[in-house]
Amino acid sequence: MTYNATLVMIEVITTGWSFFRILRFVTGIAVLIQSIILQEWLLATAGIFLAGMALFTRGCGANGCATHMTTFKGSENAKEIEYEELDNKK
């Protein structure tokens, strides 16, 4: 990683902590610790995933996932489509 990317990553990790982000992180760490004690390695991956999502501010929140929505400009470039009915009876 470059120096600038490292600073951005440090900023992402250290800012924007809310109650639910802390709760997700603590839950992920608790799941990870419990899975290590029980030697359940599949559950450990779930704990790492949950804690990692909270640590790096990834995943969906209560408002849903923030995805890029494209807008349609209407009928500026739209063409009228003509359909032809086919007779399948022989």
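Residues numbered from 1 in each chain as written. Predicted model: local features only at pLDDT ≥ 70, side-chain atom pairs only at ≥ 80, totals over all residues. Heavy atoms only, no water.

K.L.:
Please provide a residue-by-residue account of the overall build of the protein, values included.
P.N.:
Scanning the protein from N- to C-terminus turns up three helices and zero strands. When the helices and strands of the protein are listed from N to C terminus, the series reads α-α-α. Counting across all 90 residues of the protein, residues that qualify as buried make up 10%. In the protein, once contacts between residues fewer than 6 apart in sequence are set aside, the share between residues at least 24 apart is 54%. When the accessible area of the protein is evaluated, it comes to approximately 8400 Å², of which 63% is carbon and sulfur surface. (Helix = DSSP H or I, 4+ residues; strand = E, 2+ residues; numbered from the N terminus. Buried < 20%, exposed > 50% of the residue type's maximum accessible area, 1.4 Å probe, protein only. Contact = heavy atoms within 4.5 Å. Areas by Shrake-Rupley, 256 points an atom, 1.4 Å probe, with all protein chains shown as cover.)

K.L.:
Got a sec to walk through helix α2 (residues 19–38)? Specific residues and values, please.
P.N.:
Counted at 1.5 Å a residue, the expected span for α2 with its 20 residues is 28 Å, and the 28 Å between its end C-alpha atoms agrees. Within α2, the full set of buried residues consists of R21, G28, L32 and S35. One side of α2 carries all its buried residues, which in axial view fall inside an arc of 70°. Seen from the open side of α2, the exposed residues pointing more than 90 degrees away from its buried face are F19 and I37. (Expected span 1.5 Å × (residues − 1). Arc of directions from axis to C-beta.)

K.L.:
If you had to explain a nonpolar patch on the surface to someone new, which residues and values would you point to?
P.N.:
Among the surface-exposed residues, I29, I33, I37 and L38 lie close enough to one another that they form a single nonpolar patch of about 370 Å² accessible area. On the accessibility criterion, I29 (31% relative accessible area) is partly exposed. (Patch = residues over 30% accessible without salt bridge, like charges linked within 9 Å, V, L, I, M, F, W, Y side chains within 5 Å. Salt bridge = Lys/Arg side-chain N within 4 Å of Asp/Glu carboxyl O.)

K.L.:
Give me the lowdown on the confidence of the model for the protein, citing residues and values where you can.
P.N.:
Within the protein, residue pLDDT values average 81, and 77% of them lie at 70 or more. Here helix α1 (residues 3–14) stands out as the least confident element of the protein, with mean pLDDT 84; α2 is the most confident, with 94. (pLDDT = per-residue confidence, 0-100.)

K.L.:
Can you break down the side chain of S35 residue by residue, with the values?
P.N.:
In this fold, S35 is placed in helix α2. Only 3.4 Å separates the side chain of S35 from the backbone nitrogen of A44, close enough to count as a polar contact. Excluding residues within four positions of it along the chain, S35 makes contact with E40, L43 and A44. (Polar contact = N/O pair within 3.5 Å; in protein donor to acceptor, adjacent residues only side chain to side chain.)

K.L.:
Break down the packing of aromatic side chains for me, citing the residues and quoting the values.
P.N.:
If you walk through the whole model with that rule in mind, you get two aromatic pairs. With 5.3 Å between their ring centres and 75° between their planes, F19 and F20 make a pair best called edge-to-face. With relative accessibility at 58%, the residue F20 sits in the exposed group. For R21, the ring lying beneath its charged end belongs to W17, and the centroid distance is 3.9 Å. (Phe/Tyr/Trp six-rings, centres within 6.5 Å; stacked < 30°, edge-to-face > 60°. Lys NZ or Arg CZ within 6 Å of the ring centre and 35° of its normal.)

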